[in-house]
Amino acid sequence: MKQKKKMGLTTQIFIGLFLGLFVGIVFNLFVPSSYIKDTILVNGVFDVLGQGFIRLMQMLVVPLVFFSLVTGAMSMGDTKKLGKIGVKTLVFYLFTTALAITLALLLASFIKPGVGIDLTKVSQAAEANPAQAVSLKDTVLNLIPTNPIRAMSEGNMLQIIFFALLVGIILANLGEKAHNVANICEEFNDIMMDMTMIVMKFAPIGVFALITKTFATLGLSAIFSMLKYMLTVVLGLGLQLLLVYMVLLTIFAKVNPFKFLKKFFPVLGFAFSTSSSNATVPMNINKLEELGVSRKISSFTIPLGATINMDGTAIMQGVAVVFAANAYGMQLTPQNFLTVIAAATLASVGTAGIPSVGLITLSMVFNSIGLPISAIAMIMGIDRILDMIRTAINITGDAVCTVIVANSSGEEYFDKEKFNS
Ligand code: ASP
């Protein structure tokens with residue numbers, strides 16, 4: 001029943017996308033400029049619907065990231081029980097995400113997906129506020145909020161993340177003593193996940209309006225850039241899967257990576273069709289057991305990974321940054337790149353494992369270097385399909401790290417004969 005509904009939404013979003021493409025191009029090529037077309041429709045109705053949808057998504061960011069991180073850190077607090085395994089898992093999760101985003105930035109800088117399109121025409125240039133150069137010292141100091149409430153009201157994501165992680169870890173340490181607050185945080189987390197689902201129901205209309213406005217303004221020239229963006233993301237995701245993960249498995253787990261991929265394929269398919277790391281958790285754990293990984297490890301690492309380890313999402317965000325910078329004519333400095341690597345790693349930690357959240361946390365990555373978030377509007381139309389592919393990469397990253405950690409923790413945790421059988 002649930003599955004059916006989700007596919008329904010995906011289809012609707014695609015209909016919104018293609019209808020928007022069609023109407024936008026017809027408007028651009030065949031409808032002459034007039035008060036009704038320009039003021040009432042393109043910059044009126046379509047703009048209100050499109051911007052309205054973006055505002056709904058923005059509304060979710062702060063509470064969604066905060067509660068997702070508090071609950072994530074709460075389960076991470078249990079790492080004490082698992083000691084070394086917990087630390088190893090965390091290190092691998094963060095390392096693979098940073099690797100993924102670096103790969104994406106390099107690839108996108110080479111392909112330059114946003115060159116040839118001028119997004120300043122779609123949203124006012126005044127909105128673009130290039131980042132002020134901030135010294136490394138200030139970047140580090142700025143992680144610490146002097147006032148957590150102000151950090152939230154200003155949407156300062158790095159400070160929110162810092163504070164949320166502390167709250168989560170302390171809640172985990174307090175255990176029973178603070179179970180009321182812990183429960184409340186978990187319930188708020190559920191509320192925010194539900195709210196995301198509800199907001200996504202408006203996605204078909206939002207996507208239609210945004211795409212119509214973009215193509216009515218830019219015409220056919222936008223299609224090429226959009227396809228280039230999409231292909232760059234897919235290429236990055238492909239490299240992460242077929243190169244990075246395969247090399248990591250060979251070096252660190254000393255297993256045949258292709259055997260892994262072949263057996264793991266059904267899990268990829270499931271993640272692809274649900275666009276949800278969370279929904280894939282049980283299947284992932286079962287499959288890893290078939291591959292010889294003990295549940296003692298996977299029952300901890302896989303849910304944690306589904307909450308904090310999103311390599312595919314980080315790749316999309318890296319490419320999106322370069323795309324938007326190209327389209328706004330902004331030169332990215334080495335310092336910008338470092339900031340994006342840090343911000344996207346944290347954003348992927350704060351991304352909940354349900355559909356489309358990566359697009360929501362993308363706004364914090366854009367904010368980190370002063371890119372206008374309205375660029376997300378263009379990407380939004382085609383994000384649905386990318387979400388499916390990146391979710392498959394997200395959960396593969398969790399499984400690969402789990403195999404590596406299990407292998408390094410001894411035979412008790414990883415039965416290689418079972419893997420090879
Ligand atoms: N859908 C992704 C996941 O569940 C998150 C995202 O939107 O990037 O892993």
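Residues numbered from 1 in each chain as written. Predicted model: local features only at pLDDT ≥ 70, side-chain atom pairs only at ≥ 80, totals over all residues. Heavy atoms only, no water.

By the naming in an unreviewed UniProt entry, the chain is Proton/sodium-glutamate symporter, taken from Finegoldia magna. Listed in UniProt under the heading Subcellular location (unreviewed entry), the comment for the chain reads: "Cell membrane". (UniProt positions renumbered as here; feature names shortened; annotations may be inferred.)

*Asks:* Report on the site of the ligand, specifying residues and quantitative values.
*Replies:* The immediate surroundings of the ligand are formed by 17 residues, with Ser-277, Thr-313, Gly-358, Asp-387 and Arg-390 found nearest. Between an oxygen atom of the ligand and a main-chain N or O atom of Ser-356, the distance comes to 3.4 Å. Here Asp-387 contributes a side-chain N or O atom positioned 2.7 Å from a nitrogen atom of the ligand. For the ligand, the accessible surface in isolation is 270 Å², of which the surrounding protein chains cover 100%. (Near = heavy atom within 4 Å. Polar contact = N/O pair within 3.5 Å; in protein donor to acceptor, adjacent residues only side chain to side chain. Areas by Shrake-Rupley, 256 points an atom, 1.4 Å probe, with all protein chains shown as cover.)

*Asks:* Explain the side chain of Asp-383 to me, and be specific about the residues and the numbers.
*Replies:* Mapped onto the elements of the fold, Asp-383 is located in helix H17 (residues 376-408). By relative accessible area, which is 2% here, Asp-383 ends up buried. Within the local environment of Asp-383, its side chain forms a polar contact with the side chain of Arg-390, the two groups lying 2.9 Å apart. Beyond its immediate sequence surroundings of up to four residues, Asp-383 is in contact with Met-316, Leu-359 and Arg-390. (Helix = DSSP H or I, 4+ residues; strand = E, 2+ residues; numbered from the N terminus. Buried < 20%, exposed > 50% of the residue type's maximum accessible area, 1.4 Å probe, protein only. Contact = heavy atoms within 4.5 Å.)

*Asks:* Explain unusual backbone geometry residue by residue, including any values.
*Replies:* Within the chain, Lys-112 stands out as a residue other than glycine whose phi angle is a positive 50 degrees. Residue placement: Lys-112 occurs in the loop between helix H4 (84-111) and helix H5 (136-141). We note that Lys-254 has phi near 50 degrees; this positive angle belongs to a residue other than glycine. Assignment of secondary structure puts Lys-254 in the loop between helix H10 (221-253) and helix H11 (257-274). On the basis of relative accessibility, which here comes to 60%, the residue Lys-254 falls in the exposed class.

*Asks:* Lay out the packing of aromatic side chains with the relevant residues and their values.
*Replies:* Using the criterion set out here, one finds 10 aromatic pairs in the structure. Taken together, a centroid distance of 5.0 Å and an interplanar angle of 15 degrees make the contact between Phe-260 and Phe-264 stacked. Taken as a pair, Phe-260 and Phe-264 lie in helix H11 at a separation of four residues, close to a single helical turn. Each of the two residues, Phe-260 as well as Phe-264, counts as buried. Between Phe-414 and Phe-419 the ring centres are 5.9 Å apart and the planes differ by 75 degrees, which places this aromatic pair in the edge-to-face class. Phe-414 sits in the buried class, given a relative accessible area of 4%. (Phe/Tyr/Trp six-rings, centres within 6.5 Å; stacked < 30°, edge-to-face > 60°.)

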